[in-house]
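Given next are the chains, with one letter for each unit.
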Amino acid sequence: MVRLYNLHPFGSQRVVPCGQEPGRFCCGRDVLFVASAAGSCRVEAFAVREQGRCEPLGSFATLGPVRRMAYSRAGDYLVTIEEKGKASFLRAYVNWRCMSGGSSRVCVRMVGHKMEESYRETLKEQMSIVEMPLSDPPLCISCCPVSGDLLVGCKNKLVMFCLKYVVINQNLTVLDFERSLILHIGNLIPAEVAFCAGRVAITTELDVLILKLVQQHAAGTERCAREEPLGAGVRDEGPSAHALQLELDEFIVCQKPVELLGEESARCEIPVTLESTELPTEHTKRFHVRYLLFRCFTPDQSPFGFCEETKLHSLQLLPVYQTGSSGTAQEETENKRELLSLFCFFSLPHAGYLYSVGKSVELISTYQYSEKSEQAVLTPQFLHVITRESLQCFTVRCSAAAARDEDPYIDTTVKACPPVALDVCTLRMQLFIGPRAICHFKNHIILLTKADTEDITERSKPARRMLSGKTDSIKSRTNSESEPGWNLYIINTVSTIQLYREMVEYSRTYENVGTESCVHLLSEAHLLVRAALMGPRSLRPDQEAELLGAFRESCAFLGDCYSRFDTKDYHLALPYYRMSGLPVAEVLKRTVSEGDETQTYERGFMFYLTHSLNEDLNEELTKESANKVLQIFCLADPVQLPHILCSPCMRNVCPSAAVKCLQQVEKMMPSVVLTLTKASMALRMGDLMMYEHEMDSYKETALACGFAGQPRLLRQRRDGAVVPTQLAAHLKETQPALLVAAAVALHEDSKMHLEEADSFFKRLCRDSESAVPQLLVDFWEALLVVCSQEETLQQLLLRVISQYVWRISKRQLPETKPLKTTEDLINSCNHFGLIFPWVTCIMSAGSPSDKDCHEDISRLQSLLCGPSVDVAAVLPALEPLPGGAGLAVRVLSCSRRGQRGAAVEQLLRSCPRAAALYVQHELRGDRRTVWWNKLLPELCKRTRLAGNDCPALISSLKETLSVVAVELELRDFLSLLPEDGTAAFFLPHLLHCSQKQPLPRGSEGRLGSNTSSVLQ
């Protein structure tokens, strides 16, 4: 569907001062080329200045009449197809700007000709004509706007010439071309071709084929493999497209219309073969073909003419580049702008079709014309179409499609853009007499008009003014000059801001009568500004600022529409208001009527307000605005009221009024979150009795879950920082266990990360002398009980261990009593293990200072005795530990890392009494050989050196002998005893080994009581 409006996209017009009747023309950058009509062989060049003023740059002769011409901005060259006699010639005009300096020198050379001799230093200021011979007559041409490469259409093939920069010497670089690739296309005579960024579009009278040249990374052969067409039967079992070209004597066989997109288009039965013609080198590019689109139309009896007049025209590929560059358009070209999106347009006499052929292939828009079209030109903002009597301007959806390619957050609650499928509209149908051809660049439309004989007679009568704007530069022609009835106009489109303002003003006529039309016009205005911002960055800072302001304003207008009107897309109010940058207070002023008690609030406004207030905004509403929001939700959406009152924006709301509203909601739908919100409001009012009543309504477990349902009851964000609420500060003093349980629930519900929790508790306990408050340690310990993620678990273990070690080494006690004892943690958490007996033995012989930090030491040892700690990760944190605690931790670390021999050595050296207990606990099964291979010899050796001065060694030796006597045979046991040992000391163990029965109670003491020395 095409909507029709009556806007004014066209501004002033000027006449190009051509000396002769134009036949062909093209433009680009800042120049206009006009080739004279048949009978004259000349091309005039004009510089196009501001407001469309044309200044002649010069002219040059051609070989014959120009049939086709194209300008390439990359390389700044003009290419033509010229006809002389019955032959067609392909020529490129390079360095033509030297004509404006008065130089008349011209050099004609063949493509690829060696230029060192012909381009001497004295001849560098000259125009060059590059002849490009072809085996078949050239039919159509196209220049790639990205690379400047040239594509030439011939019968059954396309020839590609690569643009090259040849360095003659340090001061001279010239352009040349190299024929690099031929695309052989079976039974296809191209009427038009378009070439851009490796995409090739071809049209015949009724067929459209779009290909992509994909560069191969691996080195290939000189001739690439043929892209074989897939199976037949695509055209509903009808005859092939080429067989349909056969005309019978009495019938014309017509094919059915076909549209194939993406991979399906390879079934179009048009084979394509690539032939590389450049000399193979290591830098030679190899390509293969990928089919993108095939569409076949059928002649029809349309209102615009007979079937033979149904032909395709105006093929065009339009690139859209990445935005963000601050350089000029010329600098962007030199820096190889990055392609963002690519669009293809082609047209029938009665309809035009716009496709996206960049990242995906899809039909974007279909344009239905009110009369038969002659030619069309696509721009990022408009589609301009000429008919027999008018110049028509349509809107396009290129910016909507490109925005989605550029920004992944489009179509979310963060950002929005009018849909690609939005109906296009006709902005203007401007009357002209006899439009014949059209082209476009920047904000200029070049229009050739030529009146028929009957039109010339009509022109002699007074004519009404067709375009507003400047006309003082349009010089009237004499009667003899005007007889041919032709004119070449430069029509300036109005500025984007001016047309945008007109669209916005026009949309206001539909505010109360046509909701859909109002939204549509504002969407068109938004896309117009968006397209201007996505264009080449040649804007002045003030122009760009004005466009950005208009963009934000258009977002605000669209937000107003979706918030006020009852539409299915009401949710778009949120992203559009966000993109406008308007604060919540300003949106309230735009939407809420003052003093209107009967006002109703649409879904879009409530959707925006709910989501905005549920976010952590840095905005703070005034008391009046906050109370107004309270009233709005009491009437429109009372269920959301508890959550809305927790918003940082609502800090200034009247707490007593909020409690009254909450009490009304509670009668309909009570909840834990509502009760906690009432408690928070009571705390703000200073009503502790009401606060305690509300907090006693539920058990602590339910309250913790309630905090998880609305985290902002405990913490809010200001300028990106986590800030505890008044309720959180009160809970810290009165119910710290509930506060910790709520924080754990938030973390497990992914609503508070570890770093946020650290910041929350540190800020809550900022009066604490410790860098890590005990309440935070309580949170870590509580989180260990429920944590199931290994990565988070190791982070928690490292944090609590580091804090335990820091407090033990500094002899610093926690500022508050821990919520759980070590025994509580062992019973409730699998990561805390029972402390080993040998660890207890070490600690019993430790220094008295260890008793000051007994609780932290026992927690640390319990963790190391548990199964979860990654000892290698926490080892650096354990190094500062002194005394017996340090010894126990070091032995535990060695044992957990499998270094049990080193652990035994440390115990023998520092705490021999615990050595036997350690071996008994840690070394079982196959490892029991340590008793007689390691422990017994070491104890004997150390006892010999220490004598009777070390009772701990003697005690460990006795225990070791008891174990070894049970494990070994008598002969083996006897071989282990030292030769210088006291017989009375070892005799009971020998007897026990021989009998393999336990010694009677007290016999060992009796036997060894008379020994003055164990080893002599």
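Residues numbered from 1 in each chain as written. Predicted model: local features only at pLDDT ≥ 70, side-chain atom pairs only at ≥ 80, totals over all residues. Heavy atoms only, no water.

(A) Examining the overall build of the protein chain more closely. Along the protein chain, the regular secondary structure elements total 33 helices and 34 strands. Across the 1016 residues that make up the protein chain, the buried fraction comes to 51%. Of the contacts formed within the protein chain by residues at least 6 apart in sequence, a portion of 66% connects residues at least 24 apart. When the accessible area of the protein chain is evaluated, it comes to approximately 47,200 Å², of which 50% is carbon and sulfur surface. (Helix = DSSP H or I, 4+ residues; strand = E, 2+ residues; numbered from the N terminus. Buried < 20%, exposed > 50% of the residue type's maximum accessible area, 1.4 Å probe, protein only. Contact = heavy atoms within 4.5 Å. Areas by Shrake-Rupley, 256 points an atom, 1.4 Å probe, with all protein chains shown as cover.)

(B) Quick peek at the packing of helix 21 (residues 790–810) against helix 25 (residues 871–878). Axis separation between helix 21 and helix 25 bottoms out at 9 Å; the angle between their running directions is 25 degrees. Relative to helix 25, the element helix 21 is oriented roughly parallel. Crossing of helix 21 over helix 25 shows right-handed handedness. Where helix 21 approaches helix 25, its residues L798, I801, S802 and V805 are matched on the opposing element by A873, V874, A877 and L878. Counted by class, the contact of helix 21 with helix 25 contains seven nonpolar, one polar and no charged residues. (Axes fitted to C-alpha atoms, helices over the stretch in contact; angles between N-to-C directions. Parallel < 35°, antiparallel > 145°, perpendicular 65-115°, else oblique. Left-handed = near helix turned anticlockwise from the far one by under 90°. Nonpolar A, V, L, I, M, F, W, Y, C, P; charged D, E, K, R; others polar.)

(C) A look at the packing of aromatic side chains. What the rule picks out here adds up to 21 aromatic pairs. Pairing Y506 with Y510 gives two aromatic rings, centres 6.0 Å apart and planes at 20 degrees, and the pair type is stacked. Here the aromatic residues F297, F346, Y353 and Y355 are joined through ring pairs into a cluster of three or more. The ring of Y353 has R295 lying over it, and the distance from NZ or CZ to the ring centre is 4.4 Å. (Phe/Tyr/Trp six-rings, centres within 6.5 Å; stacked < 30°, edge-to-face > 60°. Lys NZ or Arg CZ within 6 Å of the ring centre and 35° of its normal.)

(D) Region of the structure containing the sheet that holds strand 13 (residues 150–154). Here we have five strands laid out as an open sheet, ordered 12-13-14-15-20, and antiparallel in their pairing. One side of each edge strand has no neighbouring strand; the edge strands of this open sheet are strand 12 (140–143) and strand 20 (272–276). If you compare each strand with its neighbour and ignore which way they point, the axes differ by 25 degrees on average. Of the pairings in the sheet, the one linking strand 12 to strand 13 comprises four bridges and is antiparallel in character. Note on strand 13: the bridge partner recorded for I141 is V152. (Pairing = 2+ DSSP bridges.)

(E) The side chain of S523, seen in detail. Of note, S523 is situated in helix 6 (residues 515–534). Its relative accessible area of 2% is what places S523 among the buried residues. Side-chain polar atoms of S523 contact the backbone oxygen of V519, separated by 2.8 Å. With residues up to four places along the chain from it excluded, the contact list for S523 reads P418, L422 and L558. (Polar contact = N/O pair within 3.5 Å; in protein donor to acceptor, adjacent residues only side chain to side chain.)

(F) View of the confidence of the model for the protein chain. On average, residues of the protein chain score 82 in pLDDT, and 79% of them reach the 70 mark or higher. Across residues 325–335, where pLDDT falls below 50, the model places 16 contacts with residues more than four positions away in sequence or in other chains. This model gives residues 459–483 a pLDDT under 50, and the stretch forms 32 contacts once residues within four places in sequence are excluded. (pLDDT = per-residue confidence, 0-100.)

(G) Representation of the pattern of salt bridges in the model. Taken as a whole and assessed by the stated rule, the structure comprises 35 salt bridges. A salt bridge links R267 to E264; its shortest N-O distance comes to 2.6 Å. For R267, a relative accessible area of 28% gives the class partly exposed. Residues R540 and D542 are paired through a salt bridge, measuring 3.2 Å at the closest nitrogen-oxygen approach. Residue classification places R540 among the partly exposed positions, given a relative accessible area of 47%. Given a relative accessible area of 45%, D542 falls into the partly exposed group. Each of the salt bridges in this network shares a partner with another, and the network as a whole consists of D30, D76 and R97. (Salt bridge = Lys/Arg side-chain N within 4 Å of Asp/Glu carboxyl O.)

(H) Region of interest: the pairing of strand 26 (residues 373–378). Sheet topology note: the strand 26/strand 27 (residues 382–387) ladder contains five bridges and is antiparallel. For A376, the partnering residue across the bridge sits in strand 27 and is V385.

(I) Expanded view of helix 14 (residues 672–685). Along its 14 residues, helix 14 runs 20 Å from first to last C-alpha, staying within 8% of the 20 Å computed at 1.5 Å per residue. Counting buried positions along helix 14 yields 12 of 14 residues, so the element is predominantly enclosed. For helix 14, every residue scored as buried is listed here: V672, V673, L674, T675, L676, T677, K678, A679, S680, M681, A682 and L683. Considering only its buried residues, helix 14 is in contact with helix 12 (641–645), helix 13 (655–668), helix 15 (688–695), helix 16 (700–709) and helix 17 (726–734). Where helix 14 starts, the residue carrying a side-chain oxygen 3.1 Å from the main-chain nitrogen of L674 turns out to be S671. Backbone geometry just after helix 14 places G686 at a positive phi near 80 degrees. (Expected span 1.5 Å × (residues − 1).)

(J) Quick look at helix 25. Within the span of helix 25, buried status applies to V871, V874, A877 and L878. One side of helix 25 holds all its buried residues, which, seen down the axis, span an arc of 110 degrees. Pointing more than 90 degrees away from the buried face of helix 25 are the exposed residues A872 and P876. (Arc of directions from axis to C-beta.)

(K) Summary view of unusual backbone geometry. Look at R29: it is not a glycine, yet its phi comes out positive at around 60 degrees. You can call R29 partly exposed: its relative accessible area is 23%. Backbone geometry places D719, a non-glycine residue, at a positive phi of 55 degrees. A residue is classified by how much of its surface remains accessible, and D719, at 69% relative accessible area, is exposed.

(L) Local environment of the state of the cysteines. Per the stated rule, a full pass over the model turns up zero disulfides. Summary of cysteine pairing: C417 is not part of a disulfide, and the nearest cysteine sulfur, belonging to C555, is at 9.1 Å. (Disulfide = S-S within 2.5 Å.)

(M) Here's a closer look at the nonpolar core. One finds L609, F779 and L860 to be the most contacted residues of the largest nonpolar core, which totals 158 residues. Here F779 is in contact with V740, A743, V744, H747, L754, A757 and F761, once residues within four sequence places are set aside. Counting 28 residues, the second-largest nonpolar core is a separate cluster that includes V193, F195, I202 and Y291. (Core = buried A, V, L, I, M, F, W, Y, C linked by side-chain atoms within 4.5 Å.)

(N) How the structure looks around the pairing of strand 2 (residues 10–15). Along strand 2, five of the six residues are buried, which leaves the element largely enclosed by surrounding structure. Alignment of strand 2 against strand 32 (residues 486–493), held across four bridges, turns out to be antiparallel. Within strand 32, the position partnered with F10 by the bridge is T493.

(O) A look at the sheet that holds strand 23 (residues 339–347). Ordered in space as 22-23-24-25, the four strands form an open sheet in which the pairing is antiparallel. Edge positions in the open sheet fall to strand 22 (313–321) and strand 25 (361–368), since each of these has one partner strand only. The mean inter-strand angle of the sheet, taken between neighbouring strand axes irrespective of direction, is 20 degrees. Across seven bridges, strand 22 lies against strand 23 in antiparallel orientation. Looking across to strand 23, one finds that H313 is bridged to S347.

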